[in-house]
Amino acid sequence: MQLNMDKIDKIIELALEEDMGSGDITTNSTIPKNMQTQFEIRARHEMIICGIPIATRVFQHMNQEITMQSNFHDGDLAQKNDVILKGRGNARAILSGERVALNLLRQTCGAATLTSQFVQKISGTKAKILDTRKTIPGLRYIQKYAVSIGGGQNHRFCLDDAILIKDNHISICGGIKRAVEQCRTASALKIEVECDTLEQVTESLECHTDSILLDNMN
């Protein structure tokens, strides 16, 4: 999955708007306007690096003259205390943008690292690790990007990507067979059905669905 920087910019702009309010009162009160400083972001433990272009973009939004350097690329393994990103520039801009940069970096590194651990667990099998839509509102794009960096695969990005008949659809529609028939009439997309019981699995197989999601089963 390649990053779409237009989508990243929207996420960053909303995050900065949320965090900045009318301005960083503390930084603007304590730091001279044109003061320069440098910074380093270090890994606190072993992790899969993910989100370097995103964190870099945050600081660029704050001040385009901030220069940054990283010896890591997304997907690399970093050890505890490794410097994953460093830079130099306007102190006010760096201090005011650091929390948003760190928050987004934490989300992406965390998701990529956890995904990688699951991928390692199934190494040597035909299984694949997929993600879900159970993401933090507004951050789905970067969280799904992180899953891909960690070696997982993206399932649905949004509701128009694929047909997934869930338990509530089945309940309201009146059964799996009826739901599948209506979806086939409405769309040519592949159909996946969420099943809570083995009886539902049998019914889904009889309907020749493309895939089955086993929900809350041991």
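For the structure itself, look to the data block above.
This report concerns the structure included in the present document. (Residues numbered from 1 in each chain as written. Predicted model: local features only at pLDDT ≥ 70, side-chain atom pairs only at ≥ 80, totals over all residues. Heavy atoms only, no water.)

1. Details of the packing of helix α4 (residues 91-121) against helix α5 (residues 140-149)
The N-to-C vectors of α4 and α5 enclose an angle of 40°; their axes lie 7 Å apart at closest approach. Classed by the angle they form, the pair α4 and α5 counts as oblique. Crossing angle aside, the handedness with which α4 passes α5 is right-handed. Between α4 and α5, the residues in contact are Leu-104, Gln-107, Thr-108, Ala-111, Ala-112 and Thr-115 and Ile-142, Gln-143, Ala-146, Val-147 and Ile-149, respectively. (Axes fitted to C-alpha atoms, helices over the stretch in contact; angles between N-to-C directions. Helix = DSSP H or I, 4+ residues; strand = E, 2+ residues; numbered from the N terminus. Parallel < 35°, antiparallel > 145°, perpendicular 65-115°, else oblique. Left-handed = near helix turned anticlockwise from the far one by under 90°. Contact = heavy atoms within 4.5 Å.)

2. What to know about the packing of aromatic side chains
All chains considered together, the criterion is met by 2 aromatic pairs. Measuring from centroid to centroid gives 6.5 Å for Tyr-141 and Phe-157, while their planes differ by 45°, and the two rings are tilted. Taken together, the residues span a long stretch of sequence, with Tyr-141 in helix α5 and Phe-157 in the loop between α5 and β6 (163-165) at a distance of 16 residues. Positioned over the ring face of Phe-157 is Lys-144, at 5.4 Å from the centre of the ring. (Phe/Tyr/Trp six-rings, centres within 6.5 Å; stacked < 30°, edge-to-face > 60°. Lys NZ or Arg CZ within 6 Å of the ring centre and 35° of its normal.)

3. Quick look at the pairing of strand β7 (residues 191-195)
For β7, the buried fraction is high: 5 of the 5 residues fall into the buried class. Sheet topology note: the β6/β7 ladder contains 3 bridges and is parallel. Following the sheet pairing, Ile-163 is matched in β7 by Ile-191. As paired strands, β7 and strand β8 (residues 211-214) are joined by 4 bridges and run parallel to one another. Looking across to β8, one finds that Val-193 is bridged to Ile-212. (Buried < 20%, exposed > 50% of the residue type's maximum accessible area, 1.4 Å probe, protein only. Pairing = 2+ DSSP bridges.)

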